[in-house]
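# Analysis of the macromolecular model
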Amino acid sequence: PLKVATAFTGHLTHWSWDHLLWDVVAFLGLGIAAIRLVPGRLLICLVLSALVISLEIMLFHPQFESYRGLSGIDSALFGLIVAGLWRQGPPVRYLPLIGLAGFLGKTTFELLTGDTLFVERAENDFIPATSAHLSGMVCGLLAGSSKLWTLVKFFGTPRKGPTPGYANRSRS
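How each quantity is defined
- Residues numbered from 1 in each chain as written.
- Predicted model: local features only at pLDDT ≥ 70, side-chain atom pairs only at ≥ 80, totals over all residues.
- Heavy atoms only, no water.
- Helix = DSSP H or I, 4+ residues; strand = E, 2+ residues; numbered from the N terminus.
- Buried < 20%, exposed > 50% of the residue type's maximum accessible area, 1.4 Å probe, protein only.
- Polar contact = N/O pair within 3.5 Å; in protein donor to acceptor, adjacent residues only side chain to side chain.
- Contact = heavy atoms within 4.5 Å.
- Disulfide = S-S within 2.5 Å.

This part covers the side chain of Ser 49. Topologically, Ser 49 is positioned in helix α3 (residues 42–60). For Ser 49, a relative accessible area of 0% corresponds to the buried category. In terms of polar contacts, Ser 49 uses its side chain to reach the backbone carbonyl oxygen of Cys 45, at 2.8 Å. Residues in contact with Ser 49, not counting those within four places in the same chain, are Ser 54, Ile 73, Ala 76 and Cys 139.

Let's shift gears to the state of the cysteines. A complete count under the given rule lists zero disulfides for this structure. Cys 45 carries a free sulfur, and the closest cysteine sulfur to it, the one in Cys 139, is 7.4 Å from it. Residue Cys 139 is classed as buried on the basis of its relative accessible area of 3%.

Printed below as a string of structure tokens:
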């Protein structure tokens, strides 16, 4: 079974140099795009996806002795970009739909074949964790959604007016 420490550090380790290269290139490209498109949401996307993916792997894949790769977090960044493009309105709304369709096509291929689309892997080298990609995408969509962001801003914004629990005394 996967250990807690291994689950969280697994995002930083990879199965091969090819695996590392694909993940880092995707992370940098998607990260730069996300910073430009939705700059205030990148950190929440990264933290949320790292936590959720690690927990998802631990809870639903007890057969995994280890988890490695950034691809789940890359998927979260992609989801963040999809949400950011969607929020821009009708002229560009077809772009996130095309991106989402491509992501679902890639994920379906990986589920049906048990293989990866981009990373070259040796025979039984590792098992692709497609659920990490799906979990990451959901985290990215949530991090980029206006409803979640409104909730985060609500709880993180100081209130104006009297502090609850204290009487508002006026001096006369």
